[in-house]
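If you want the building blocks of each chain, they are given just below.
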Amino acid sequence: MRAAVFSVTRRGAELSKRIAKAFPDGWNVMLFCFERYPADGAEPFANLAQKTAEVFPECSAVVFVCACGIAVRAVAPLIKSKQTDPAVVVLDDCGKFAVSLLSGHLGGANRMTEIIAEAVGAQPVITTATDAGGRFSPDCFAAANGLIFKDFSAAKELASAVLRGEKIGLISDIDCVNVSSDVVRADSGKYGICISRDMSAKPFGITLNMVPKNIVLGVGSKKGAEFSALTSLVRQNLTEMQLTRVCEVATIDRKANEPCILRLCQELKVPLKIYTAEQLAEVKGSFSMSEFVQSTVGVDNVCERCASVGGNTLIIGKQAGCGVTLAAAERKVHLKGEAWFEVAKDAERPFYVETDEVSIRVYGTAFNVNTHGLRATETVLVEGEIGISGK
């Protein structure tokens, strides 16, 4: 994912470097400085509005070190919708305040503001009603739990209901969630969230359907393969909903700089994960093998193994065409904290939960996992069956 950090003063340029270091792993952070105050590692610009317009569409986050008014004027002509706009954060060049300006929930600006503020010692300023009042927000809930949704009308209804003091029901059959006091587990009711691969399920009067953003694409490519070939293969094999669920692209280190792979990450706005041949060879599973690939890159399969790293479950096996290969898998849940799970039985697509101490294979069950224990992970089985292996 890409981020841009703009500064307009000499002091702001120095602060920008600290801000860039605050971004989590997987972010490609670009620094831009006003040409009057050049800085090492930053690209100079003469016109802030023009440079912002150039990078805004390709960024998942944009940070300004300047007055809020300057930032507002720079982004105002570029704003489209809360579904697509990047996170926008503004800091003063003294680093006293960090303001979540745009896309606080879905774009992640609120969380990014907190991260940056902590890194530079600023006071985070977050003005969204649910956050300011400490109430539940569907947008924030989705972002925090790696979920996505499409029905923004339903999301607005639920957010309004919370502010009126009404409870929101929750039913989940595929993933872990941490819920607030505004949310209760229920199979029916006036308002509710349904977390499931089945986006047509409507158990509540007003149902907000959510699905996890947990699909990993494993890709391979011959040198100089066309982007059109790769994107065509992706669209032939993934539905539009599956495309929105992609959270990461993975490939072997030898292909880390292939333009078609880098552009795919840019188009999907997801990070690229790189593995060595030795790491991929250790991935367990049944994969299609190629002697040619083995002799070329040192491992018998790239795309399926990349998608399956960490025990991810393949949902699309190796697909190939015009010099590119593709596979897709659903990612495991890695838990730090405490969560309740209700998982439907699916022998062909087992569900895994990872903690720092154990790996839990789920066979169709209801259970609780807590990593806050003093000595070890605590798992309480309510019904069904799970398998636990130590690390």
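Above this text you will find the structure in question.
Source: prediction; values computed, not measured. (Residues numbered from 1 in each chain as written. Predicted model: local features only at pLDDT ≥ 70, side-chain atom pairs only at ≥ 80, totals over all residues. Heavy atoms only, no water.)

Draft legend 1. The arrangement of empty space enclosed by the protein in detail. Tallied over the full model, the rule gives one cavity of 30 Å³ or more. By volume, the largest cavity amounts to about 40 Å³. Contributing to the lining of the largest cavity are S7, A13, S16, K17, L31, F32, C33, A39, D40 and A42. Listed by contribution, the elements that provide at least two residues to the lining of the largest cavity are α1 (10–22) and β2 (28–34). (1 Å grid on protein atoms, 1.4 Å probe; cavity = no way out; pocket = protein on both sides within 12 Å on 5 of 7 lines; lining within 4 Å. Points joined across faces, edges and corners; volume = space filled by probe spheres on them. Helix = DSSP H or I, 4+ residues; strand = E, 2+ residues; numbered from the N terminus.)

Draft legend 2. Structural view of the pairing of strand β12 (residues 206–212). Among the seven residues that make up β12, six are buried, leaving the element largely enclosed by the rest of the structure. Bridge count for strand β8 (residues 147–148) against β12 is two bridges, and the pairing is antiparallel. Note on β12: the bridge partner recorded for L147 is P212. As paired strands, strand β11 (residues 191–195) and β12 are joined by five bridges and run parallel to one another. Along β12, the bridge assignment pairs I195 with M210. (Buried < 20%, exposed > 50% of the residue type's maximum accessible area, 1.4 Å probe, protein only. Pairing = 2+ DSSP bridges.)

Draft legend 3. Molecular detail of the pairing of strand β15 (residues 272–275). Sheet analysis places strand β14 (residues 246–252) next to β15, joined by four bridges and oriented parallel. From the neighbouring strand, T251 faces β15, where its bridge partner is I274. Running through helix α10 (residues 259–268), the crossover from β14 to the neighbouring parallel element β15 is right-handed. (Right-handed = clockwise from strand over helix to strand, strands pointing away.)

Draft legend 4. Highlighting the environment of G12. Structurally, the position occupied by G12 is in helix α1. Relative accessible area serves as the criterion here: at 0%, G12 is assigned to the buried category. The spacing of G12 and D92 is 80 residues in sequence and 7.7 Å in space, taken between C-alpha atoms. When neighbours within four sequence positions are excluded, G12 is seen to be in contact with S7, V65 and D93. (Contact = heavy atoms within 4.5 Å.)

Draft legend 5. Seen up close, the nonpolar core. Ranked by size, the top nonpolar core spans 25 residues in total, and within it V5, I19, F23, V63, L91, I116 and V120 carry the most contacts. Sorting the residues of this core by element identifies β1 (2–7), α1, β2, β4 (61–65), β5 (87–91) and α4 (109–120) as the ones contributing at least two each. With five residues, the single largest contributor to this core is α4. V234, L238, V249 and I316 belong to the second-largest nonpolar core, a separate cluster that totals 22 residues. (Core = buried A, V, L, I, M, F, W, Y, C linked by side-chain atoms within 4.5 Å.)

Draft legend 6. Here's a closer look at the side chain of N214. On the secondary structure map, N214 appears in the loop between β12 and β13 (215–221). For N214, a relative accessible area of 13% puts it in the buried group.

Draft legend 7. Quick look at the packing of aromatic side chains. For the structure on display, the rule yields eight aromatic pairs. Ring geometry for F136 against F141: centres 5.3 Å apart, planes inclined by 55°, an arrangement best described as tilted. Residue classification places F136 among the buried positions, given a relative accessible area of 6%. Between F149 and F152 the ring centres are 5.1 Å apart and the planes differ by 50°, which places this aromatic pair in the tilted class. Judged by its relative accessible area of 7%, F149 is buried. (Phe/Tyr/Trp six-rings, centres within 6.5 Å; stacked < 30°, edge-to-face > 60°.)

Draft legend 8. Seen up close, the sheet that holds strand β7 (residues 123–125). With mixed pairing, the seven strands of this open sheet are ordered in space as β3-β2-β1-β4-β5-β6-β7. Each of the sheet's edge strands pairs with one partner strand only, and the pair in question is β3 (42–45) and β7. Strand-to-strand twist across the sheet, computed as the mean angle between neighbouring axes with direction ignored, equals 25°. Looking at chain direction, β2 and β3 are connected through four bridges and run parallel. Bridge pairing links F34 to F45 in β3. Sheet strands in contact with helix α2 (residues 48–55) are β1, β2, β3 and β4, and its direction is about 175° off that of β1. (Axes fitted to C-alpha atoms, helices over the stretch in contact; angles between N-to-C directions.)

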